[in-house]
Amino acid sequence: MDRLQAMKAYVAVVDSGGFTPAARKLDVSLSVVSRFVTELEAHLGARLLTRTTRVVRPTEAGMAYFENCKRILGEIEEAELTAAGAHATPRGQLVLTAPVLFGGRYVTPIVVDYLQRYPEVDVNCLFLDRNVNIVDEGVDVGIRIGELPSSSLQAITVGRVRRVVCASPAYLDRHGVPKTPDDLGRHTLIHTTSVSTLPEWRFRHDDEPLAVRITPRMATSTNDSAIAAAVAGLGLVRVLSYQVAAELWDGRLRLVLVDHEPTPSPIQVIHREGRHAMQKVRSFLDFAIERLRTDKALN
């Protein structure tokens, strides 16, 4: 058995979710991919994959082996590039993920500049308002807002954002400025269901968490539409500070209830590589971290 080829076949199966797409990706026959995986399982004395008629999924041992294979194959590729004198040139496809609005406003300009600097790299952006499993979905770099659960992922904090309540100056002139969260019941509220379908807003009062049930006049699935409604003077909206940075700077929105804001949340760049991260990952991390840390909207 060619161990490296077998490992490449196994990684392709897990990455693509099946034997047939793996065979297409590697440009080999289905029987070759199946034989490689069967030989690996026999060699290791462990089942790596759970196979059903609909899905192929790694077992617990198979996932650990998959991660090790990815690391080993990446190190081999790095060694070959170094030997060929190409270590300083990032290349290949980089997959990254971020929340939709953050991705559009803050990550996209970074990606554009990065691609112009490194012409041998392609970037696939997954901008989604859900936590993407970067292992299962083959993601190289992710940006998360909020505290992270304990995991094997590497995380670098690049900023902090606040959960803020704001409204247009025209609305506040007409209806007054709320002084405490209890005043919200007398105001028109705009609620973003992409954050939570539960109609409550969370604050801090006397250094203790405070949850306030709300009855929104407008509920929407996107932050953009909620912010637009607030700018138009409909009512109060609760969003993350980076999402309304431009509107606050130019005066279209004003903050309220600042003294009752919850603890700021960290913005973290995460990746699954250790100190042996591939050059395309290292170069993007260096590029993005510097840019994000110097953005005053995120700090």
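Here is what the cut-offs are and how they apply
Residues numbered from 1 in each chain as written. Predicted model: local features only at pLDDT ≥ 70, side-chain atom pairs only at ≥ 80, totals over all residues. Heavy atoms only, no water. Helix = DSSP H or I, 4+ residues; strand = E, 2+ residues; numbered from the N terminus. Polar contact = N/O pair within 3.5 Å; in protein donor to acceptor, adjacent residues only side chain to side chain. Contact = heavy atoms within 4.5 Å. Domains from an automatic or database assignment. UniProt positions renumbered as here; feature names shortened; annotations may be inferred. Axes fitted to C-alpha atoms, helices over the stretch in contact; angles between N-to-C directions. Parallel < 35°, antiparallel > 145°, perpendicular 65-115°, else oblique. Left-handed = near helix turned anticlockwise from the far one by under 90°. Pairing = 2+ DSSP bridges. Expected span 1.5 Å × (residues − 1). Buried < 20%, exposed > 50% of the residue type's maximum accessible area, 1.4 Å probe, protein only.

Colleague: Explain the side chain of S168 here, please?
Modeller: On the secondary structure map, S168 appears in the loop between β7 (163–167) and α6 (169–175). A polar contact is formed between the side chain of S168 and the backbone nitrogen of Y171, at a distance of 3.1 Å. For S168, the contacting residues outside a window of four places in its chain are A230, V231, G233, R252 and L253.

Colleague: Sorry if this is basic, but what is going on with the domain arrangement of the chain here?
Modeller: Reports of interface size often rely on the accessible area that becomes lost once the parts have come together. In terms of domains, the chain is made up of domain 1 (3–84), domain 2 (92–161 + 265–294) and domain 3 (163–260). Computed from C-alpha coordinates alone, the two centres of domain 1 and domain 3 are separated by 49 Å.

Colleague: Any chance you could explain the UniProt feature "domain: HTH lysR-type" (unreviewed entry) in the chain here in plain terms?
Modeller: The residues that UniProt annotates with the feature "domain: HTH lysR-type" (unreviewed entry) are residues 1–59. End C-alpha atoms of residues 1–59 are separated by 22 Å, and the span's content is 63% helix alongside 10% strand.

Colleague: What's the story with the packing of helix α1 (residues 3–16) against helix α2 (residues 19–26) in this structure? I'm lost.
Modeller: Angle between the axes and distance between the axes are the two parameters that describe a pair of packed helices. Two numbers describe how α1 lies on α2: the axes approach to 8 Å, and their chain directions differ by 120 degrees. Looking at the two axes, α1 sits oblique to α2. You can see that α1 and α2 cross each other, and the crossing is right-handed. Residue-level inspection shows K8, A9, A12, V13, D15 and S16 of α1 in contact with α2, the latter providing F19, P21, A22, K25 and L26.

Colleague: Teacher, can you tell me more about the sheet that holds strand β13 (residues 254–256) here?
Modeller: Hydrogen bonds along the backbone pair up the strands of a sheet, which may run parallel or antiparallel. Strand order across the open sheet formed by five strands is β11-β8-β12-β7-β13, with mixed pairing between neighbours. Strands with a single pairing partner mark the edges of an open sheet, and in this sheet they are β11 (218–220) and β13. On average, each strand axis in the sheet is inclined to that of its neighbour by 35 degrees, with strand direction left out of account. Where strand β8 (residues 189–192) and β11 come together, three bridges link them in parallel fashion. Considered in β11, the bridge of I190 is made with M218. The sheet contacts of helix α7 (residues 223–231) involve β8, β11 and β12 (236–240), and relative to β8 the element is tilted by about 170 degrees.

Colleague: Could you clarify how one ought to interpret α1 in this entry?
Modeller: Every α-helix winds through 3.6 residues per turn, so residues three or four apart in the chain are directed the same way. Across its 14 residues, α1 extends 20 Å between first and last C-alpha, which sits within 8% of the 20 Å expected from 1.5 Å per residue. Taken residue by residue, α1 has A6, M7, A9, Y10, V11, A12, V13 and V14 as its buried positions. Measuring from the backbone nitrogen of L4 back to the side-chain oxygen at the start of α1 gives 3.3 Å, which picks out D2 as the cap. Trailing α1 by a residue or two, G17 shows a phi angle of about 85 degrees, which is positive.

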